[in-house]
Amino acid sequence: MAHQAGFVSIIGKPNAGKSTLMNALVGEKMSIITPKAQTTRHRILGIVNDENYQIVFSDTPGVIKPHYALHESMMHQVDGSIVDADLILLVTDIYEEYDEADVLKKLERSEAPLAVLINKIDQSDEETVKKKVEFWQEKLNPKAIFAISALHGHNIKAIMDFVIGNLPEHAPYYEKDALTDRNDRFFASEMIREQVFKQYKKEIPYSTEVIVTAFIEGEKLYRISAEIIVERDSQKNIIIGKNGEMLKIVGTYARRSMEEFFQQKIFLEMFVKVIPDWRTKKNYLKQFGYE
Ligand SMILES: Nc1nc2c(ncn2[C@@H]2O[C@H](COP(=O)(O)OP(=O)(O)OP(=O)(O)O)[C@@H](O)[C@H]2O)c(=O)[nH]1
């Protein structure tokens, strides 16, 4: 049998459940998940390997109208993943009020086969699901529609079967033992960012970036140093919290996630640094890995 391989892009609005789906499909925690919109800032590859196929999933930032340079970079990554796609999975939230115009506009650029995934059906009822299926059938006439719960793993197998059934014949794009294109430093910084999104309110998560400055793999433990970057002194104080309590909480949870992910004891130290308006400055964005 000829080997199959292809790029499968997971696209949708913020908070639709793209990262949750990606992790469910890949069977590993590749992407961080939080209840807040715009958690994902980079395109992240999650690779599923089998003797006969290689599926390269892309988790992407939620589609928004860009308000500053960071958003522009995020949307470029979405565009790139649509151009590359052999197959597109459009993730929609069952509660979304049919306003997917921005996403649909982006999809116009692609001729790749499309499946619409109606997510979070665990929070819904049969009648609503049926109406949504009819809506998408009418609107896009996609190759397939699945009603799913990414969180509860409902219908994930059906999506996998669909993907494998529509994967082109191709040699593998990555080594057959590769899981992702990202390195350990990236995942460490994402696990800190996940806690920043979970522990702080309002604009703090959106004003924050995390950079891992040292990652030393000792025999007994990994020593990880990171900078939490914010835009203003007032934000720095909030991140640190009274007597450093908030930063301690972030560190504790992030360290636990890292210990699970790396299967290693972790020593984590973090520093908070102010870079005024980093989100709008191309030179900093480049330095932080946004193209
Ligand atoms: N009830 C329910 N919640 C879900 C489901 N899938 C995802 N969620 C929740 O929806 C929220 C957003 O999930 P994510 O996977 O981070 O969404 P995303 O589309 O990657 O979000 P962005 O990074 O903003 O683009 C989280 O709180 C998830 O737990 C689902 O099937 N059912």
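Computed from a predicted model, the values in this text were never measured in an experiment.

The environment of the ligand is made up of 24 residues, and the closest members are Gly-17, Ser-19, Thr-40, Gly-62 and Leu-151. Ranked by residues supplied to the shell around the ligand, first place goes to helix H1 (residues 18–26) with three residues. When the residues that make up the shell around the ligand are grouped by side-chain class, the tally is eight nonpolar, 13 polar and three charged.

Moving on to the UniProt feature "domain: KH type-2" (unreviewed entry) in the protein. UniProt records the feature "domain: KH type-2" (unreviewed entry) for residues 200–276 in the present numbering. Annotated as 34% helix and 38% strand, the span residues 200–276 places its first and last C-alpha atoms 19 Å apart.

Take the sheet that holds strand E9 (residues 265–274) next. As summarised here, the arrangement of the three strands in space is E7-E8-E9, forming an open sheet in which the pairing is mixed. Where the open sheet ends on each side, the last strands, each with one partner, are strand E7 (209–217) and E9. Taken over all neighbouring pairs, the strand axes of this sheet differ in orientation by 20° on average, direction set aside. Inspection of the sheet shows strand E8 (residues 221–230) paired to E9 by 10 bridges, in the parallel sense. Counterpart to Ile-224 in the pairing with E9 is Leu-268. The sheet contacts of helix H6 (residues 184–199) involve E7 and E8, and relative to E7 the element is tilted by about 135°. In this fold helix H7 (residues 233–240) packs onto E8 and E9, with an angle of close to 155° to the strand it touches most, E9.

Taken together, the buried positions of helix H5 (residues 156–165) are Ile-159, Phe-162 and Val-163. The arc enclosing the buried residues of H5, seen along the axis, measures out at 100°, which places them on a common side. H5 presents Lys-157, Asp-161 and Gly-165 as exposed residues on the side facing more than 90 degrees away from its buried surface. Against strand E1 (4–12), H1, strand E3 (53–59), strand E4 (87–93), strand E5 (114–119) and strand E6 (144–147) lie the buried residues of H5.

Further remarks concern the nonpolar core. Where a protein is soluble and globular, its nonpolar side chains tend to be buried together. With 47 residues, the main nonpolar core has Val-8, Ile-11, Phe-57, Ile-88, Leu-90 and Leu-117 as its most contacted residues. Look past the residues within four positions of Ile-11 in its chain and what remains in contact with it is Thr-60, Val-63, Val-78, Ile-82, Ile-88, Leu-90, Val-103 and Leu-107.

So, about the packing of H6 against helix H8 (residues 245–262). Contact pair H6 / H8: the axes reach a minimum separation of 9 Å and the direction vectors enclose 135°. Regarding the angle of H6 to H8, the classification is oblique. The chirality of how H6 crosses H8 is right-handed. Note on element contacts: H8 touches H6 through Met-246, Ile-249, Val-250, Tyr-253, Ala-254, Ser-257, Met-258 and Phe-261, opposite Phe-187, Ala-188, Met-191, Ile-192, Glu-194, Gln-195, Val-196 and Gln-199.

Criteria and thresholds
- Residues numbered from 1 in each chain as written.
- Predicted model: local features only at pLDDT ≥ 70, side-chain atom pairs only at ≥ 80, totals over all residues.
- Near = placed C-beta within 6 Å.
- Helix = DSSP H or I, 4+ residues; strand = E, 2+ residues; numbered from the N terminus.
- Nonpolar A, V, L, I, M, F, W, Y, C, P; charged D, E, K, R; others polar.
- UniProt positions renumbered as here; feature names shortened; annotations may be inferred.
- Pairing = 2+ DSSP bridges.
- Axes fitted to C-alpha atoms, helices over the stretch in contact; angles between N-to-C directions.
- Contact = placed C-beta atoms within 7 Å.
- Buried ≥ 20, exposed ≤ 12 C-beta atoms within 10 Å, placed from the backbone.
- Arc of directions from axis to C-beta.
- Core = buried A, V, L, I, M, F, W, Y, C linked by C-beta atoms within 7 Å.
- Parallel < 35°, antiparallel > 145°, perpendicular 65-115°, else oblique.
- Left-handed = near helix turned anticlockwise from the far one by under 90°.

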